Amino acid sequence: MKNFSIKSKKDANVTILGIESSCDDTAAAIIRDGVILSNVVAGQKVHEEYGGVVPELASRAHQQNIIPVVDRAIARAGIEKSDISAVAFTRGPGLLGSLLVGTSFAKGFSLAAGIPLIEVNHLQGHVLALFIKEKDGAYNPPKFPFLCLLVSGGNSQIILVRDYLDMEVIGQTIDDAAGEAFDKCAKVMGLPYPGGPHVDRLAKQGDPHRFNFAKPRISGLDYSFSGLKTSFLYFLRDNLKENENFIEENQADLCASLQFTIIDILLNKLKKAAKQTGVKEITVAGGVSANSGLRTALQENANKHGWNLIIPKFEYTMDNAAMIAITGYYKYLNGEFAGQDAVPFARTQL
Ligand code: KG4
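What counts, and at which threshold
- Residues numbered from 1 in each chain as written.
- Predicted model: local features only at pLDDT ≥ 70, side-chain atom pairs only at ≥ 80, totals over all residues.
- Heavy atoms only, no water.
- Phe/Tyr/Trp six-rings, centres within 6.5 Å; stacked < 30°, edge-to-face > 60°.
- Helix = DSSP H or I, 4+ residues; strand = E, 2+ residues; numbered from the N terminus.
- Lys NZ or Arg CZ within 6 Å of the ring centre and 35° of its normal.
- Buried < 20%, exposed > 50% of the residue type's maximum accessible area, 1.4 Å probe, protein only.
- Pairing = 2+ DSSP bridges.
- Near = heavy atom within 4 Å.
- Polar contact = N/O pair within 3.5 Å; in protein donor to acceptor, adjacent residues only side chain to side chain.
- Areas by Shrake-Rupley, 256 points an atom, 1.4 Å probe, with all protein chains shown as cover.
- Contact = heavy atoms within 4.5 Å.
- Axes fitted to C-alpha atoms, helices over the stretch in contact; angles between N-to-C directions.

Peer 1: How should the packing of aromatic side chains be read in this particular structure?
Peer 2: Any two aromatic rings considered together are summarised by their centre-to-centre distance and by the angle between their planes. On inspection of all chains with the given rule, the structure shows 17 aromatic pairs. Arranged with centres 6.1 Å apart and planes meeting at 35 degrees, the rings of Phe105 and Phe109 form a pair that is tilted. Of this pair, Phe105 and Phe109 both sit in helix α2 (residues 96-113), separated by four residues, roughly a single helical turn. Among the aromatic residues, those joined into a cluster by ring pairs are Phe131, Phe144, Phe146, Tyr164, Tyr329 and Tyr330. Positioned above the aromatic ring of Tyr139 is the side chain of Lys133, whose terminal nitrogen or guanidinium carbon lies 5.2 Å from the ring centre.

Peer 1: Could you clarify how one ought to interpret the pairing of strand β7 (residues 156-163) in this entry?
Peer 2: Every regular strand shows the same layout, with side chains that alternate between the two sheet faces. Within β7, six of the eight residues are buried, which leaves it mostly tucked inside the rest of the structure. Pairing between strand β6 (residues 146-151) and β7: six bridges, direction antiparallel. Paired with Cys148 across the bridge in β7 is Ile159. Connecting the antiparallel pair β6 and β7 is a turn made up of four residues. Where β7 lies against strand β8 (residues 166-172), six bridges are found, and the strand directions are antiparallel. What sits directly across from Ile159, in β8, is Val169. Once β7 ends, the chain turns through two residues before running back antiparallel as β8.

Peer 1: How should the site of the ligand be read in this particular structure?
Peer 2: Taken together, 18 residues lie around the ligand, and Gly153, Asp183, Asp200, Gly287 and Asn291 are the ones closest in. A distance of 2.9 Å separates a nitrogen atom of the ligand from a polar atom in the side chain of Asn291. Protein chains bury 88% of the 550 Å² of accessible surface belonging to the ligand in isolation. Mapped onto the shell around the ligand, the elements with two or more residues apiece are α4 (178-188) and α5 (196-203).

Peer 1: In this structure, what is going on with the environment of Tyr223? I would like to understand it.
Peer 2: Checked against the element boundaries, Tyr223 lands in the loop between α5 and α6 (226-242). Measuring from C-alpha to C-alpha, the distance between Tyr223 and Ile74 comes to 40 Å, with 149 residues separating the pair along the chain. Apart from the residues within four sequence positions on either side, Tyr223 is in contact with Leu149, Ser156, Ile158, Gln172, Thr173, Ile174, Ile218, Ile265, Leu266, Lys269 and Leu270. There is a polar contact of 2.7 Å between the side chain of Tyr223 and the backbone oxygen of Leu266.

Peer 1: Would you take a moment to explain the environment of Gly328 for this structure?
Peer 2: Considering the arrangement of structural elements, one finds Gly328 in helix α10 (residues 322-333). A sequence separation of 280 residues divides Gly328 from Glu48, and the C-alpha atoms of the two residues are 32 Å apart. When sequence neighbours within four positions are dropped, the list of residues in contact with Gly328 reads Ile16, Ala88, Ile118 and Val120.

Peer 1: Please clarify how the sheet that holds β7 should be interpreted in this entry.
Peer 2: To summarise the sheet geometry, strands pair through backbone hydrogen bonds and adopt either a parallel or an antiparallel arrangement. Within the open sheet, the five strands sit side by side as β8-β7-β6-β9-β10. Their pairing is mixed. Looking at which strands have only one partner, the edges of the open sheet turn out to be β8 and β10 (308-310). Ignoring which end each strand starts from, the neighbouring axes of this sheet average 25 degrees apart. Two strands pair when backbone bridges link them, and β6 and strand β9 (residues 281-285) are joined in this way by four bridges, in the parallel orientation.

Printed below as a string of structure tokens:
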């Protein structure tokens, strides 16, 4: 790696440009000394009509979005390009074509600006989003060690976090992610993509105990959601044979019962993890953490088991670049830089 001038921990104004392009959001953010200065996300409407993310369309949209999104992040932060100390990018996991756009852009930016490059694991970013400081001084980070329930469209994991850059996955899904279970079951009910927020909305008017769906019997702290998806599908298929309006007539109860089952599966293993590790500092991350039922269930469990529960700001739970920039910040302070030969990975472990 070329020798760049690196600031030390004591220096002020460590300014990181974060780039996120792992799935269907093109995002850029600026963080200075841990404080968020800007956070820009461009979504991709092009996937809606397909009921899921189409990888090739996602990478093309990233190519169109990335320059305007980065420009906007720099302008909103009120800084100059020359103020940026390093550029951090999501190396994986995610869609390979999408990751390539962010990775190539970050490499080009690093070369052109003469600043170091920092690779970030998307999952680590979700966890470190809890350490983003607001401009008005708002800051409520968890204390180490803590457990993070990471639930998104692509991941369901329980992570034991010992320090900023010291994390261990102690439980994870062996098949579908929790968000996928929401989205796939919503799709068979005819709800738009992504289905999670629609299930959440409809569940509010439904009875969570009306229908029972399969729960996995897996030892340890791992998750499985594919059995639930299949049981939901068969249940609908059998009932539609008797009544072709079954879904419309029971939509709210179906959503409430499905949501109840997913939350029950998630909370069961989280409670087990808290008991096994003795850790009572509990956090949540990823898109599914926006679910109102999950938030309520987490709070109830926190009250019951004496957990200190920390839920990040909504905008930092979804895919965003602020979480990539904050991870880049801690890696910068730790002197962890990437070379121009860094290639993205579709699947990576912490
Ligand atoms: O972390 P995220 O933004 O990105 C990916 O992993 O792609 O998570 C997106 C996931 C989708 O599966 C979406 O349905 C789910 O988060 N989601 C929700 C809610 N809001 C987003 N699931 C349940 N209830 C919600 N309110």
